[in-house]
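These are the residues of each chain, in order.
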Amino acid sequence: MKRRVVAVVLGAATLLAGSPANAQAALKPYDHKDPYKSGCGNSARTVRTATINSKANGQVGTIKLMWSGKCKTNWIEVSTATSARGTISVYAADGRYDRFSFKPGNKGRHWGNMIWANNMCAWGGVSVQWNGGKGGQNGAGTTSKACK
């Protein structure tokens, strides 16, 4: 009896290891990785742009949706105040996403991690704040969808 239970458990583990979800994950090796450390950023281009706006201060930066044809990935790049901190998000139409937080510095240039988005739509957004966000010192922006 014990042998049969072990065989069933091992069989289930083998089925899970070979499941389509695991095979699909193997096809997306760049998800949640830095586009410049991976080399994907070297051949990238901007596919959508938007502004980062603050109700109190107007435009406080720009947001770009980037595409790497080499890696078939999208990510978001931000240009804002050096003193700003924030969160960058990128979304793929199949429900996958990545969220990346950045701290002040880097001359206001920041980027998030990648999401594989070949043959599907992707978009992204950012929220920023400076001086603790008090007195309307915050902003947000979202790109429109780009479909590759």
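A. How the structure looks around the packing of aromatic side chains. For the structure shown, the criterion picks out four aromatic pairs. Plain terms: the ring middles of Y91 and Y97 are 6.2 Å apart, the flat faces sit at 35° to each other, and that makes the pair tilted. Under the relative-accessibility criterion, Y91 is labelled partly exposed at 26%. With 5.7 Å between their ring centres and 20° between their planes, Y91 and W123 make a pair best called stacked. One end of the pair, Y91, is in strand 4 (residues 85-92); the other, W123, is in strand 8 (residues 121-129), and 32 residues separate them in sequence. An aromatic cluster of at least three residues, connected via ring pairs, comprises Y36, W75 and W111. Taking the ring centre of W123 as reference, the NZ or CZ of K145 above it sits at 4.6 Å.

B. Layout of the state of the cysteines. This structure, assessed with the given rule, holds two disulfides. With a sulfur-sulfur separation of 2.1 Å, C40 is cross-linked through a disulfide to C71. With the S-S bond torsion at -90°, the cross-link from C40 to C71 turns out left-handed. You can see C40 sitting in the loop between helix 2 (20-26) and strand 1 (44-54) and its partner C71 sitting in the loop between strand 2 (58-68) and strand 3 (73-80), a full 31 residues away along the chain. Accessibility classification places C40 together with C71 in one group, the buried group. Should the bonded cysteines of the protein be numbered as they appear in the sequence, the pairing reads 1-2, 3-4.

C. Just the nonpolar core, in detail. Formed by 23 residues in total, the largest nonpolar core has its most connected members in I52, I76, V126 and V128. For this core, the secondary structure elements donating two or more residues are strand 1, strand 2, strand 3, strand 4, strand 7 (115-116) and strand 8. Leave out the neighbours within four places in its chain, and V128 touches I52, V60, T80, A84, R85, G86, F102, N138 and G139.

D. Spatial organisation of the environment of S89. Structurally, the position occupied by S89 is in strand 4. Here R99 takes part through its side chain, which lies 3.1 Å from a polar atom of the side chain of S89.

What counts, and at which threshold
- Residues numbered from 1 in each chain as written.
- Predicted model: local features only at pLDDT ≥ 70, side-chain atom pairs only at ≥ 80, totals over all residues.
- Heavy atoms only, no water.
- Phe/Tyr/Trp six-rings, centres within 6.5 Å; stacked < 30°, edge-to-face > 60°.
- Buried < 20%, exposed > 50% of the residue type's maximum accessible area, 1.4 Å probe, protein only.
- Helix = DSSP H or I, 4+ residues; strand = E, 2+ residues; numbered from the N terminus.
- Lys NZ or Arg CZ within 6 Å of the ring centre and 35° of its normal.
- Disulfide = S-S within 2.5 Å.
- Core = buried A, V, L, I, M, F, W, Y, C linked by side-chain atoms within 4.5 Å.
- Contact = heavy atoms within 4.5 Å.
- Polar contact = N/O pair within 3.5 Å; in protein donor to acceptor, adjacent residues only side chain to side chain.

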